[in-house]
Amino acid sequence: MLLYLSSDGKSGLADFMEGQELVIKKLIGRFSLKQFVAKDLRNYVGCKYFAIDVSCIEEQLDDFIIALQSFQIMFDARIIPVLSDMENIDCYIGRLVDIGVTDIVTADSIDGIRDELAECLSADGRQRYKQLSESFKQDTAFEKAQKAKEIVKYKWNSRNVKIAIAGTQRRSGVTVTAFNLVAWLIARGASACYVEANTNRHLNWIVNIYDAEKDGEAYPVGGIDCYFTNEMDKDYNFIIYDCGEFKQPDMKPDTIFRKADIRLLCGSILPHEAKDYLQVLNACKDMDIYKLGLCVPKPLQEFCRESLSKDILIAEASHDLFDNNINGHIYMPVMERYTIKGQED
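Student: It is not clear to me how the packing of aromatic side chains should be interpreted in this structure. Could you clarify?
Tutor: How two aromatic rings sit relative to each other is set out by the distance from centre to centre and by the angle between their planes. Applying the stated rule across the entire model yields 15 aromatic pairs. Residues Phe 36 and Tyr 44 carry aromatic rings whose centres are separated by 6.4 Å and whose planes lie at 15 degrees to one another, so their mutual orientation is stacked. Arranged with centres 5.4 Å apart and planes meeting at 80 degrees, the rings of Phe 238 and Tyr 338 form a pair that is edge-to-face. Remark: Tyr 338 occurs in the segment after helix 11 (328-335) and Phe 238 occurs in strand 9 (residues 238-245); sequence separation between them is 100 residues. The two residues Phe 238 and Tyr 338 agree in class, both being buried. Taken together, the ring pairs in this structure connect Phe 31, Phe 36, Tyr 44, Phe 50 and Phe 71 into an aromatic cluster.

Student: Is there a simple way to think about the nonpolar core in this case?
Tutor: For soluble globular proteins, the rule of thumb is that nonpolar side chains tend to be buried together. In terms of nonpolar packing, the biggest core is built from 40 residues, with Ile 163, Leu 185, Phe 238, Ile 240 and Met 335 touching the most fellow members. Sort the elements by how many residues they give to this core and helix 6 (residues 174-187) lands first, with nine residues. Apart from the residues within four sequence positions on either side, Leu 185 is in contact with Trp 156, Ala 190, Ala 192, Phe 238, Ile 240 and Met 335.

Student: I tried to follow the sheet that holds strand 3 (residues 49-53) on my own but got confused; where do I start?
Tutor: Where strands meet in a sheet, backbone hydrogen bonds hold them as pairs that are either parallel or antiparallel. The four strands are arranged 2-1-3-4 in an open sheet whose pairing can be described as parallel. Both edges of this open sheet fall to strand 2 (24-28) and strand 4 (78-82), since each of them pairs with a single strand only. Sheet twist, expressed as the mean angle between neighbouring strand axes with direction ignored, is 15 degrees. In this sheet, strand 2 lies alongside strand 1 (residues 2-6) in parallel orientation, the contact comprising five bridges. Paired with Leu 3 across the bridge in strand 2 is Lys 25.

Student: Whenever I open this one, the sheet that holds strand 7 (residues 219-221) confuses me. Can you help?
Tutor: The eight strands are arranged 7-8-6-9-5-10-11-12 in an open sheet whose pairing can be described as mixed. Edge positions in the open sheet fall to strand 7 and strand 12 (313-315), since each of these has one partner strand only. The mean inter-strand angle of the sheet, taken between neighbouring strand axes irrespective of direction, is 30 degrees. Of the strands in this sheet, strand 5 (161-167), strand 6 (192-196), strand 8 (224-227), strand 9, strand 10 (262-267) and strand 11 (290-294) touch helix 6, which is tilted by about 170 degrees from strand 9.

Student: Before we go on, may I ask you to explain the packing of helix 1 (residues 33-40) against helix 2 (residues 61-74) in this structure?
Tutor: For any two helices packed against each other, the geometry is given by the interaxial angle and the distance between the axes. Where helix 1 meets helix 2, the axes come as close as 8 Å, and the angle between the chain directions of the two elements is 20 degrees. The orientation of helix 1 relative to helix 2 falls into the category roughly parallel. Viewed along their axes, helix 1 and helix 2 form a crossing whose handedness is left-handed. Every residue of helix 2 that contacts helix 1 at Leu 33, Lys 34 and Val 37 is listed here: Asp 63, Phe 64, Ile 66, Ala 67, Leu 68, Ser 70, Phe 71 and Met 74. Considering only residue class, the contact of helix 1 with helix 2 consists of eight nonpolar, one polar and two charged.

Rules used throughout
- Residues numbered from 1 in each chain as written.
- Predicted model: local features only at pLDDT ≥ 70, side-chain atom pairs only at ≥ 80, totals over all residues.
- Heavy atoms only, no water.
- Phe/Tyr/Trp six-rings, centres within 6.5 Å; stacked < 30°, edge-to-face > 60°.
- Helix = DSSP H or I, 4+ residues; strand = E, 2+ residues; numbered from the N terminus.
- Buried < 20%, exposed > 50% of the residue type's maximum accessible area, 1.4 Å probe, protein only.
- Core = buried A, V, L, I, M, F, W, Y, C linked by side-chain atoms within 4.5 Å.
- Contact = heavy atoms within 4.5 Å.
- Pairing = 2+ DSSP bridges.
- Axes fitted to C-alpha atoms, helices over the stretch in contact; angles between N-to-C directions.
- Parallel < 35°, antiparallel > 145°, perpendicular 65-115°, else oblique.
- Left-handed = near helix turned anticlockwise from the far one by under 90°.
- Nonpolar A, V, L, I, M, F, W, Y, C, P; charged D, E, K, R; others polar.

The structure is reproduced here in structure tokens:
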């Protein structure tokens, strides 16, 4: 199924695909993409393609990208932005390629739009921006080129070590960071689980999307035991708590974040977000916290360390819940104390 969010003027662009074994569902109007992803997409979980006439979206570029990143975390459909007649197309293209969205329609004529849309819907997708994406990955500091390395497994000397992860604002990458950390630990020989400790209910959608069946108290998803409550029915080396957005109640002595053995605070630190990050740092300055800045552009990294905290750790953004190799430069120093020296497999 192709789900298409459209303005009145572009509602017929995908009609030529009807009858080609593709069901098209069109929603016409003006949309807040953030709200649509959070509340309405649950009704279209089965869609294979998600086309967006960007002119009908209320958000400006930064919030539009954040909404797409949320979509990437929760759903596995090909995103096809239609930028025709948009101003600042180059800015949109650069940001889209940055997050791996390369099926982009930019033509102005009806025939050109349909040709590009057909290419986006083809098996291999649109090649023009896919090639740009590969070049981007090689040439920028947002994503370092990684060579495949054999993952070393360790012996672990830990039992139920509690690791709490919170974000400096909503949609700041907490859930994907928590899943990535669990996957990273499991890949290196540790036992670890994920616990949803917030009210976002992302886990409900994840469990439904992956058709996870309950095993004891856990829902195994992609090899990861996931819990809706803090009631595990087995021991693990590490328990990873997804605490969502850091809020003032997290300062209370009985909260999971404060009682955790290890605390990670993560968030984007673009200029307009630095104030939120600093406010959270000030609120929890009496706690030992590892501070993660997600996908901070290289020109801003030194500024963030000087103006916010000298020990901010620069993390790469991830859109794959089960990536077991990303941000190891951060996780290994944190977890190394729990490895048994000289006991690598």
